[in-house]
Amino acid sequence: MNKAEKEQTVEYLSDQFRSIESAFLINYRGLKVVDATELRRKIREIDGRYVVVKNTLALRAAKQTKLEQLEDYFEGPTAVAYHPKDVVGLAKLLNEISKSNPSFVFKAALVEGKVVPASEIQAIASMPSKEVLLGKLAFLLKAPLQRLTTVLKAPVRDLGLVLKLVPKQGVQTN
């Protein structure tokens, strides 16, 4: 790789890294080509990215980005996996792949701008997705309003029931 190609690679990576809020650093040593191809396909299906990087170029590209916090982990074979929106979905996919392929090892992660060690990535993968959490929040916000509506309707409903019973029981009204 000549100097111009390196500069072009650093510029491309820098553009990618500036937009990243969350990413996973992975040691892919020992990963078979077939498995790597399958991994890339699965990540592309969920609109994620998987880039194998040369550490020196990645460190230059990571300067003045949030990914710079992970500079200590750019050692040995390194791949960066990231998704612009769905961190939990990507973590679940990567965790599933790491279970079936022992060569696929997490180094660390950057989640919402905070460094997460490899030991805690399992916890991220076990979280529900953002959509599920938003659905639960909507339900929790809706439930008290539903109960309040029921309580406020009760006197009117009860009055209607009493008025319906009056003619049936033969009570006379003046």
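Being a predicted model, the structure only gives us computed values, none of them experimental. Numbering of residues begins from 1 in every chain and follows the order in which that chain's sequence is written. With the structure being a predicted model, the display of local features is reserved for residues of pLDDT at least 70 and the display and counting of side-chain atom pairs for 80 or more, all residues being used for whole-chain, interface and lining totals. Side-chain measures were taken over the full set of non-hydrogen atoms in the model, leaving aside hydrogen atoms and water.

1. Regarding the environment of Leu93
Helix and strand assignments come from DSSP, with helices taken as H or I runs of at least 4 residues and strands as E runs of at least 2, each series counted from the N terminus. Position of Leu93 relative to the elements: it lies in helix 4 (residues 87-100). Taking the C-alpha atoms as reference points, Leu93 and Ser19, 74 residues apart in sequence, are found 21 Å from one another. Here, residues are in contact when the closest pair of their heavy atoms is within 4.5 Å. When near neighbours in sequence (up to four residues on either side) are disregarded, Leu93 contacts Lys42, Ile43 and Ile46.

2. Considering the nonpolar core
The nonpolar side chains of soluble globular proteins are, as a tendency, buried together. Ranked by internal contacts, the top residues of the largest apolar core, which has 23 residues, are Phe24, Ile26, Tyr50, Leu94 and Phe104. The set of elements that each furnish at least two residues to this core consists of strand 1 (23-27), helix 2 (33-45), strand 3 (78-82), helix 4, strand 4 (105-111) and helix 5 (121-125). Looking at this core, the element that brings in the most residues is helix 4, giving six residues. In this structure, Ile26 is in contact with Tyr50, Pro77, Thr78, Ala79, Ala81, Leu94, Phe104, Val105, Phe106 and Lys107, ignoring residues within four places of it in sequence. Membership of the second largest hydrophobic core comes to 19 residues, among which are Leu57, Ala61, Phe74 and Tyr82. Grouping buried Ala, Val, Leu, Ile, Met, Phe, Trp, Tyr and Cys residues that are joined through side-chain atoms within 4.5 Å yields what is termed a nonpolar core. Buried means the residue's accessible area, taken with a 1.4 Å probe over protein chains only, is under 20% of the maximum for its type, while exposed means over 50%, and partly exposed covers the values in between.

3. Some details on the sheet that holds strand 5 (residues 114-117)
Across a sheet, strands are paired by hydrogen bonds formed along the backbone, either parallel or antiparallel in direction. Strand order in the open sheet formed by five strands is 2-3-1-4-5, and the pairing between neighbours is antiparallel. In the strand order of this sheet, the two ends are held by strand 2 (49-53) and strand 5, each with one partner. Averaged over all pairs of adjacent strands, the angle between their axes in this sheet comes to 20°, without regard to strand direction. Pairing between strands requires that DSSP locate at least two bridges from one strand to the other. Sheet topology places strand 2 next to strand 3; five bridges connect them, and they run antiparallel. Pairing of Tyr50 across the sheet is with Ala81, part of strand 3. To obtain each axis, a line is fitted to C-alpha atoms, and for helices this fit is confined to the stretch in contact; angles are then taken between N-to-C directions over 0 to 180 degrees. Against the sheet, helix 4 makes contact with strand 1, strand 3 and strand 4, and its axis sits at roughly 15° relative to strand 1, the strand it touches most.

4. Structural notes on helix 4
One less than the residue count of a helix, multiplied by 1.5 Å, gives the span that helix is expected to have. The end-to-end C-alpha distance of helix 4 is 20 Å, a good match for the 20 Å that 14 residues give at a rise of 1.5 Å each. Within the sequence span of helix 4, burial applies to Val87, Val88, Leu90, Ala91, Leu93, Leu94, Asn95, Ile97 and Ser98. Those residues of helix 4 that are buried lie in contact with strand 1, helix 2, strand 3, strand 4 and helix 5. Counting of polar contacts relies on pairs of N or O atoms within 3.5 Å, with two restrictions inside protein: one atom must be capable of donating a hydrogen and the other of accepting it, and residues adjacent in sequence are counted only when both atoms are side-chain atoms. Here helix 4 starts with a cap whose side-chain oxygen sits 2.9 Å from the backbone nitrogen of Gly89, and that cap is Asp86.

5. Quick word on the confidence of the model for the protein chain
Scored from 0 to 100, pLDDT reflects the predictor's confidence in each residue. Averaged over every residue, the pLDDT of the protein chain is 85; residues scoring 70 or more account for 96%. Confidence, expressed as mean pLDDT per element, reaches its minimum in the protein chain at helix 5 with 80 and its maximum at strand 1 with 91.

6. Overview of the pairing of strand 4
With six of seven residues buried, strand 4 is to be regarded as a mostly interior element. Summarising the sheet, strand 1 and strand 4 pair through five bridges and their orientation is antiparallel. In the sheet register, Ile26 faces strand 4, and the bridge partner there is Phe106. As defined by bridge partners, strand 4 adjoins strand 5 across four bridges and the pair is classed as antiparallel.

7. Here we look at the packing of helix 2 against helix 4
It is at 10 Å that the axes of helix 2 and helix 4 come closest, and there the two elements cross at 160°. Regarding the angle of helix 2 to helix 4, the classification is roughly antiparallel. The crossing of helix 2 and helix 4 is right-handed. Residues Leu39, Lys42 and Ile43 of helix 2 touch helix 4, and the partners they reach there are Leu90, Leu93, Leu94, Glu96 and Ile97. Across the contact of helix 2 with helix 4, the residue classes break down as six nonpolar, no polar and two charged. Geometric relationships in this document are graded by angle, where less than 35 degrees denotes roughly parallel, more than 145 denotes roughly antiparallel, 65 to 115 denotes roughly perpendicular, and other angles denote oblique. In this scheme the handedness of a crossing depends on how the near helix is turned from the far one: anticlockwise by less than a right angle means left-handed, clockwise means right-handed. Following the grouping adopted for this structure description, the nonpolar residues are Ala, Val, Leu, Ile, Met, Phe, Trp, Tyr, Cys and Pro, the charged ones are Asp, Glu, Lys and Arg, and the polar ones are all others, Gly among them.

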